[in-house]
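# Close look at the chain arrangement
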Amino acid sequence: MNIALFQQAAESLSPESVGELINFYADDAIFTDPFQTVRGRLAIQQVYTDMFKSLDQPRFRNVRPLGGPLSEHAREVIVGWDFEFALSPHRPRQCIAGCSMLELNAQGLIARHTDFWDASRVFQALPILGGIIRWLRGRIGHSPQA
């Protein structure tokens, strides 16, 4: 897999260019994030398409490989990223840092894509649930004071 081309496709992702990113996936690829698991290029394409329908101006920034240089024969790649979005045009923009573990097949296509990120950050942006999550974080988290 050409990681530079993948980075470019992810960072320039738009409703019109989803097909370009999907070209990096095997036909029977599996995509998993904190909300869903889907199989197949069409289902993965729908996840990205729905992202643009559900969120206001979603975009990936700072897409980069983690863990050092990649060989052209690498079978696993971990990619870090920042995901920016708003729940609606009138809501504040959010930024979530995360990473994706990409398992590649023999042809260098993504066979399994697993996203890791803090889903509670999305819930915090919701009017009622957000207050509850922030309260819970305050109760559960420890104070940096010693």
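Sequence positions are assigned chain by chain, starting from 1 and proceeding in written order. A pLDDT threshold of at least 70 governs which residues receive local features in this predicted model, and a stricter bar of 80 or more applies before side-chain atom pairs are shown or counted, although totals over entire chains, interfaces and linings include all residues. Side-chain calculation: all heavy atoms of the structure are included, whereas hydrogens and water are not.

What follows deals with the overall build of the protein chain. Only DSSP runs of H or I covering at least 4 residues are called helices, and only runs of E covering at least 2 are called strands; the numbering of each starts at the N terminus. Secondary structure assignment for the protein chain yields 5 helices and 6 strands. Helices and strands appear in the protein chain in the N-to-C order α-α-β-β-α-β-β-β-β-α-α. For every residue, the accessible area (1.4 Å probe, protein chains only) is compared with the maximum for its type, and the residue is labelled buried under 20%, exposed over 50%, or partly exposed between those bounds. Burial status across the protein chain gives 39% buried among its 146 residues. A separation of at least 24 residues holds for 46% of the contacts in the protein chain among residues at least 6 apart in sequence. Note on contacts: a residue pair is in contact if any heavy atoms of the two residues lie within 4.5 Å.

With that settled, consider the layout of surface pockets. Remark: the empty space left among the atoms is shown by a probe the size of a water molecule rolled over them. Whether a set of points on the 1 Å grid over the protein atoms alone is a cavity depends on a 1.4 Å probe fitting there but being unable to get out, while an open set qualifies as a pocket with protein on both sides within 12 Å along at least five of seven lines; lining residues are those with an atom within 4 Å of a point. Grid points are joined across faces, edges and corners, and a volume is the space filled by probe spheres set on the points. Looking at the largest pocket, its volume works out to about 570 Å³. If you go around the largest pocket, you meet 26 residues; those closest to its centre are Asp33, Val47, Met51, Phe83 and Trp117. Listing elements by their share of the lining of the largest pocket, those giving two or more residues are helix 1 (3-11), strand 1 (25-33), helix 3 (41-54), strand 3 (56-66), strand 4 (76-86), strand 5 (94-104) and strand 6 (110-117). For the lining of the largest pocket, the class distribution of residues is 19 nonpolar, 4 polar and 3 charged. All residues other than Ala, Val, Leu, Ile, Met, Phe, Trp, Tyr, Cys, Pro, Asp, Glu, Lys and Arg, Gly among them, are scored as polar; the first ten of these are nonpolar and the last four charged.

With that settled, the discussion passes to the pattern of salt bridges. By definition, a salt bridge exists where a carboxyl oxygen of Asp or Glu is found within 4 Å of a side-chain nitrogen of Lys or Arg. A full pass over the atoms with the stated rule returns 1 salt bridge. Residue Asp27 is joined to Arg41 by a salt bridge in which the shortest nitrogen-to-oxygen separation is 3.4 Å. Of this pair, Asp27 sits in strand 1 while Arg41 is found in helix 3, placing the two residues 14 residues apart along the sequence.

Moving on, we get to helix 1. An α-helical turn contains 3.6 residues, so any two residues separated by three or four positions project in the same direction. Residues of helix 1 that are buried include every one of Ile3, Phe6, Gln7, Ala9 and Ala10, and no others. Looking straight down helix 1, one finds that the buried residues subtend no more than 165° of arc, so they occupy a single side. Where helix 1 is buried, its residues touch helix 2 (18-22), strand 3, strand 4, strand 5 and strand 6. Where helix 1 starts, the residue carrying a side-chain oxygen 3.1 Å from the main-chain nitrogen of Ala4 turns out to be Asn2. This arc is built from the directions going out from the helix axis to the C-beta atoms. Contacts described as polar in this section are N or O atom pairs within 3.5 Å, which, within protein, must combine one atom able to donate a hydrogen with one able to accept it, while residues neighboring in sequence count only if both atoms come from side chains.

With that settled, the discussion passes to the nonpolar core. If you look at the biggest cluster of nonpolar residues, it comprises 29 residues, and the most contacted ones within it are Leu13, Leu21, Tyr25, Ile44 and Tyr48. Secondary-structure elements contributing two or more residues to this core are helix 1, helix 2, strand 1, helix 3, strand 3, strand 4 and strand 5. When neighbours within four sequence positions are excluded, Leu13 is seen to be in contact with Val18, Leu21, Tyr48, Met51, Phe52 and Phe60. We define a nonpolar core as any set of buried Ala, Val, Leu, Ile, Met, Phe, Trp, Tyr and Cys residues linked to one another through side-chain atoms lying within 4.5 Å.

Mapped onto the secondary structure, Asp82 falls in strand 4. One buried charged side chain, Asp82, makes no salt bridge at all; its nearest oppositely charged neighbour is Arg64, positioned 4.7 Å away. Setting aside chain neighbours within four positions, we find Asp82 in contact with Arg59, Phe60, Arg61, Asn62, Cys95, Ile96 and Ala97. Residues counted as positive are Lys and Arg, residues counted as negative are Asp and Glu, and His and the chain ends are not counted.

Taken in spatial order, the 6 strands of this open sheet run 2-1-6-5-4-3, and their pairing is mixed. Of all strands in the sheet, those bounded by a partner on one side alone are strand 2 (36-39) and strand 3. Strand-to-strand twist in this sheet, taken as the mean axis angle between neighbours without regard to direction, amounts to 20°. When strand 4 meets strand 5, the two strands line up antiparallel, connected through 10 bridges. In the sheet register, Glu84 faces strand 5, and the bridge partner there is Cys95. Its contacts with the sheet put helix 1 on strand 3, strand 4, strand 5 and strand 6, and the angle it makes with strand 3 is roughly 160°. Strand pairing follows a simple DSSP-based rule, namely that at least 2 bridges must link the two strands. Axis lines are fitted to C-alpha atoms, over the contacting stretch for helices. Their N-to-C directions set the angle, which ranges from 0 to 180 degrees.

None of this, on its own, says anything about what the molecule does.
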